[in-house]
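Take a look at the letters that make up each chain.
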Amino acid sequence: MTDETTPSPSPTGTAPGPDTIASIGSAMARMRLMIGRRFIGNLVLSRVGGGMELSHLDVVGTVRRLQATQEATVGAIAEELRVDPSRSSRIVADLVRQGLLKREVSQEDARRTIVVITPVCQEMLKKADEVKRETIREIVADWPAEDVERFAELYDRFISGFDRRRQEFEMESQNKPGAAEG
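Draft legend 1. Structural context of the confidence of the model for the protein chain. The predicted model of the protein chain averages 88 in pLDDT, with 90% of residues at 70 or higher. In this model, residues 1–9 is a region of pLDDT below 50 whose contacts with residues beyond four sequence positions or in other chains number eight contacts.

Draft legend 2. Geometry of the environment of Y155. Counting through the fold element by element, Y155 comes out in helix 7 (residues 145–175). Y155 sits in the partly exposed class, given a relative accessible area of 38%. The spacing of Y155 and R97 is 58 residues in sequence and 38 Å in space, taken between C-alpha atoms.

Draft legend 3. Layout of the packing of aromatic side chains. Tallied over the entire structure, the rule returns three aromatic pairs. Ring geometry for F151 and Y155: centres 5.3 Å apart, planes at 20 degrees, overall stacked. With F151 and Y155 both in helix 7 and four residues apart, the pair spans about one turn of that helix. Look at F151 and you get partly exposed, because its relative accessible area is 40%. The interplanar angle of 35 degrees and the centroid separation of 5.8 Å between the aromatic rings of F158 and F162 together place this pair among those described as tilted. With F158 and F162 both in helix 7 and four residues apart, this pair spans about one turn of that helix. Assessed through its relative accessible area of 34%, F158 is described here as partly exposed. Since its relative accessible area comes to 45%, F162 is described here as partly exposed.

Draft legend 4. The arrangement of the packing of helix 3 (residues 54–67) against helix 6 (residues 119–139) in detail. Contact geometry for helix 3 and helix 6: axes closest at 11 Å, N-to-C directions at 100 degrees. Overall, the two elements helix 3 and helix 6 adopt an arrangement that is roughly perpendicular. On helix 6, the residues that touch L57, V60 and R64 of helix 3 are C121, M124, L125 and D129. Here the contact of helix 3 with helix 6 is built from residues that sort into five nonpolar, no polar and two charged.

Draft legend 5. Spatial organisation of the side chain of T73. When you line up the elements, T73 lands in the loop between helix 3 and helix 4 (74–81). A polar contact is formed between the side chain of T73 and the backbone nitrogen of A76, at a distance of 3.0 Å.

The rules behind these values
Residues numbered from 1 in each chain as written. Predicted model: local features only at pLDDT ≥ 70, side-chain atom pairs only at ≥ 80, totals over all residues. Heavy atoms only, no water. pLDDT = per-residue confidence, 0-100. Contact = heavy atoms within 4.5 Å. Helix = DSSP H or I, 4+ residues; strand = E, 2+ residues; numbered from the N terminus. Buried < 20%, exposed > 50% of the residue type's maximum accessible area, 1.4 Å probe, protein only. Phe/Tyr/Trp six-rings, centres within 6.5 Å; stacked < 30°, edge-to-face > 60°. Axes fitted to C-alpha atoms, helices over the stretch in contact; angles between N-to-C directions. Parallel < 35°, antiparallel > 145°, perpendicular 65-115°, else oblique. Nonpolar A, V, L, I, M, F, W, Y, C, P; charged D, E, K, R; others polar. Polar contact = N/O pair within 3.5 Å; in protein donor to acceptor, adjacent residues only side chain to side chain.

Following this line, the structure appears as structure tokens:
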């Protein structure tokens, strides 16, 4: 394990300086504040909201991500969002009433109910994705195309590394003596 004072060498053999690492940390803090203020979510709701709240947007986004790899249940949604299952259930019920989600029987286990995105919700998500892409286009509009391409590559690599480190941390936390079981 490395820390900011003893970074591991980069592939080119030169380690980033402490000011560079501090600059990345500072930018991450600013990004966290913007995420905490829910800038993109609020922007999406202002343009395509149709009576939705941020929690609704969180749930439909989670259902979309879950559906890519598994069946989306109320429990899985709650786990992903780290909320109480009763909260997840209430939000899903709201979205079902709005026609954005529907409940179906699991094809894997007929005793289980799953949540799926409706065509109306698919259209809303397409519009939301376009708002996000439009915002990104506006931010990088005056960047050279090569910089945008390189940033996309580096940002994806950074987030992937960050996610790997998060998973390692969660495993470390689970394996510590006295860690909560559940």
